[in-house]
Amino acid sequence: MIRKGKPAETLGRKTIGPSLFVWQPVTEEVLGISMGKSERNLSAFFLFFANAQTPENSVWPLIKIKVFYIKLLKISIGTGGILMGKCVKSLAGLVIFSCGKTAYGQWNTSLEYWENAFLDIKVHLSFIAATIIILNYKLIKNLYQKAYFDELTAAKNRVKFKKEIEKLDLENKPALGMMLNIDNFKNINYVYGHSAGDYVLKTIVKRLQEVFGKKSVYRFSGDEFFILHEDTGEEHVELKANKVMEELKKPLDLMGTKIRLFGSIGICSMNNKTKDVSEFLHRANVAMYKAKKSGKGRFVVADDQMVEEFRKYSRLEQEFLRYLQNKELFPYYQPKVELESEEIIGVEALARWVHPLEGFISPAVFVPIAEKNGVVSELDFLIAESAIMALKKWIKTGIVSMDFKLSFNISVKTLEEINVYTRIEQLLKKYEVSGENIQVEITESVFINDIEKVINNMSLLKENLGISIALDDFTAGHSSLKELGKLGIDTLKFDRSLLQIVKENANRGQKIYSTLVHLSNDMGYISVAEGIEEASESEFLKKEGVKYAQGYYFGKPMPEELLISVLDKKYDEK
């Protein structure tokens, strides 16, 4: 071999150029193919024949080899094996090099030798070509399988779906799609393990394929499947959806336990009016989530109004997250009063969002968005910090008394995810506010979660910081007298629903309310009535011994500026 930087070597009667690295581009131009490092033997061979002075027409073996060699490459590359094509070039170069060298390591320049050797070379190259073509076929088949089929279930995947749907004649044959999501599938993985989950997924595909055929069933991801078939009219939609439900509900033996599956299905038709595949999938997906939200184990057919509402919700969701990040959500304050005097003794800070275009957005809308996106704790402490900062200002300026109480809500999610005690302690130190002025409100849903963690947090807040604890919406959920003692609750806030019972059945309702108030007082809790909207309700509560209340009758939730004017007015009246 000729190495870079060494003198030229003489082969036959003529010298090959000073370096193979110099001549290689020339070789590439002659052959019409690119040459790699592993092909330099072949390159040297071609260069030799191009330069050696041998009998007339001695270059014809080169031409034949070159033509066959290029054909070989075209066959190899044509079957999809570009990498294999490079392999052929390298192997072919090695074969020619081994055939062309003499025992002394020099190139054989005999025309007669090359005429005989050409047949052997051709056999070698043919064998290489056949081997590569077989390998390429297997490689292409494997790549095709990986590209268009799900590895676990062997069902067609999302990529295959998009390719196939583009070929449909929607003008004459509208398509009907069903987006299927298995309800609570993650519980199977948690309880039985991922191997069991894989078995369930394969069983689902098998059952669906038995009903709708292999061509119609796709697995998009995780526990999400899609069934595509011809739209035969709305009257058959319910029949097909129920058929899917029936297949899912068939008992499935899982590690000795019989389980039944349920799914949520979103149905959408696609015809020549449908804009594109993305819109088709989007509509089916929206309907599926609507079905899941409606109680699971159901199906919903997509319509324009539903899709528009979903788009509006999605826009609102993104805007909420941006407002939260920019700290553009603010607390509104609802007064708490002492019933006998109707004096404001504290306020509850409530999260509020005033949208520049949509106006007032209800917490019933944006709190679930916060929960869905895992930012409830950020919302809780944004309101808490704003309220504590405002309280410091009110006390400093003398707008409120030193024993004025500020309460704010801490959600169950926040109690589970972060160290509430540490965060509140930091805020009190930052704004130099006493824990005696703070009340943390929790809801009854704490009783169905990690109660021990809640108890620990509440205990630290009370004992170390002097913060009082209120149970909000009492009687509306899951609380029990046994658990109340564990949490160290100071205040019970009776839910508005109790007053509704009094309205519907005065005699019975009053007895229930009276019994609960007396029980609360006997156990040492402070009773606060919520949702007071009328003077008659206030009078009834006074008679029953309720000391404190809040509701629209005493004041709606209001921004800080309005609250200050209300507090100033009350102060002037004194």
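On a predicted model such as this, the values are computed, not experimentally measured, just so you know.

1. Things to note about the overall build of the protein chain
No. 1: Along its length, the protein chain carries 21 helices and 18 strands.
No. 2: Counting the 574 residues in the protein chain, one finds 46% classified as buried.
No. 3: In the protein chain, 66% of the contacts between residues at least 6 apart in sequence involve partners at least 24 apart.
No. 4: Looking at the protein chain as shown, the accessible area adds up to about 30600 Å², and 53% of this sits on carbon and sulfur atoms.

2. A few points about the side chain of Gln439
No. 1: Relative to the helices and strands, Gln439 is located in strand β14 (residues 438–443).
No. 2: For Gln439, the side chain forms a polar contact with the side chain of Lys336, separated by 3.0 Å.
No. 3: Each residue touching Gln439, except ones within four places of it in the same chain, is listed here: Lys336, Leu406, Ser407, Phe408, Ile467, Ser468, Ile469, Ala470 and Thr491.

3. Side note on the confidence of the model for the protein chain
No. 1: Per-residue confidence for the protein chain gives a mean pLDDT of 78, with 71% of residues at or over 70.
No. 2: Note on residues 73–86: pLDDT is under 50 here. Beyond four places in sequence and across chains, it has 23 contacts.
No. 3: Below a pLDDT of 50 lies the segment residues 97–105, which in the model reaches 13 contacts outside its immediate sequence neighbourhood of four places, other chains included.

4. Focus: the pairing of strand β13 (residues 405–409)
No. 1: Pairing of strand β11 (residues 343–355) with β13, which is carried by 4 bridges, proceeds in the parallel orientation. Residue pairing for β13: Gly346 is matched across the bridge by Lys405.
No. 2: Where β13 meets β14, 4 bridges bridge the pair, whose relative direction is parallel. Residue pairing for β14: Leu406 is matched across the bridge by Ile438.

5. Quick look at the pattern of salt bridges
No. 1: A full pass over the atoms with the stated rule returns 23 salt bridges.
No. 2: For the salt bridge of Asp304 with Arg283, the shortest nitrogen-to-oxygen distance reads 3.1 Å. Of this pair, Asp304 sits in helix α11 (residues 304–325) while Arg283 sits in helix α10 (residues 277–293), and the two are 21 residues apart along the sequence.
No. 3: With a closest N to O distance of 2.9 Å, Lys462 and Asp490 form a salt bridge. With Lys462 in helix α16 (residues 451–465) and Asp490 in the loop between α17 (481–487) and β16 (491–494), this pair connects stretches of sequence that are 28 residues apart.
No. 4: Of the residues examined, Lys462 reaches a relative accessible area of 28% and is grouped as partly exposed.
No. 5: Residues joined in a network through salt bridges with shared partners are Lys336, Glu348, Glu441, Lys493 and Glu530.

6. Section: the sheet that holds strand β5 (residues 224–230)
No. 1: Ordered by their spatial adjacency, 5 strands build an open sheet running β4-β5-β3-β8-β9, and the pairing between neighbours is mixed. Whereas interior strands pair on both sides, the edge strands pair on one side only; in this sheet they are β4 (217–221) and β9 (299–301). Looking at each pair of strands side by side, their axes are set apart by 20° on average, direction ignored.
No. 2: As paired strands, strand β3 (residues 175–182) and strand β8 (residues 263–270) are joined by 8 bridges and run antiparallel to one another. Note that in β8 the partner of Gly177 across the bridge is Cys268.
No. 3: Strand contacts of helix α9 (residues 237–249): β3, β5, β8 and β9, with the helix running at about 30° to β3, the strand carrying the most contacts.

7. Thoughts on unusual backbone geometry
No. 1: A positive phi angle is found at Asn184, which is not glycine, with a value near 55°.
No. 2: Here Asn184 lies in the loop between β3 and α7 (185–192).
No. 3: Judged by relative accessible area, which is 42%, Asn184 ranks as partly exposed.
No. 4: One non-glycine residue with positive phi stands out, namely Glu342, at about 60°.
No. 5: Within the secondary structure layout, Glu342 lies in the loop between β10 (330–338) and β11.

8. Quick notes on the nonpolar core
Here is a general trend for soluble globular proteins: nonpolar side chains tend to be buried in one another's company.
No. 1: Among the nonpolar cores identified, the biggest contains 78 residues, and Phe320, Trp394, Leu406, Phe408, Ile424, Leu461 and Tyr513 are the most heavily contacted of them.
No. 2: For this core, the leading source of residues is helix α13 (residues 376–397), giving 12 residues.
No. 3: Once residues lying within four places of it in the same chain are set aside, the contact partners of Ile424 are Phe381, Phe408, Val440, Leu461, Leu465 and Ile467.
No. 4: By size, the runner-up hydrophobic cluster in this structure holds 28 residues, among which are Phe185, Val200, Ile227 and Met245.

9. With respect to the layout of surface pockets
No. 1: Size it by volume and the largest pocket reaches roughly 1000 Å³.
No. 2: Along the walls of the largest pocket sit 37 residues, with Glu348, Leu350, Asn409, Asp472 and Asp473 positioned nearest its centre.
No. 3: Every element with two or more residues in the lining of the largest pocket is listed here: β11, α12 (363–372), α13, β13, α14 (412–417) and β15 (468–474).
No. 4: Broken down by element, the residue count for the lining of the largest pocket peaks at 6 residues, all from α12.

About the cut-offs
- Residues numbered from 1 in each chain as written.
- Predicted model: local features only at pLDDT ≥ 70, side-chain atom pairs only at ≥ 80, totals over all residues.
- Heavy atoms only, no water.
- Helix = DSSP H or I, 4+ residues; strand = E, 2+ residues; numbered from the N terminus.
- Buried < 20%, exposed > 50% of the residue type's maximum accessible area, 1.4 Å probe, protein only.
- Contact = heavy atoms within 4.5 Å.
- Areas by Shrake-Rupley, 256 points an atom, 1.4 Å probe, with all protein chains shown as cover.
- Polar contact = N/O pair within 3.5 Å; in protein donor to acceptor, adjacent residues only side chain to side chain.
- pLDDT = per-residue confidence, 0-100.
- Pairing = 2+ DSSP bridges.
- Salt bridge = Lys/Arg side-chain N within 4 Å of Asp/Glu carboxyl O.
- Axes fitted to C-alpha atoms, helices over the stretch in contact; angles between N-to-C directions.
- Core = buried A, V, L, I, M, F, W, Y, C linked by side-chain atoms within 4.5 Å.
- 1 Å grid on protein atoms, 1.4 Å probe; cavity = no way out; pocket = protein on both sides within 12 Å on 5 of 7 lines; lining within 4 Å.
- Points joined across faces, edges and corners; volume = space filled by probe spheres on them.

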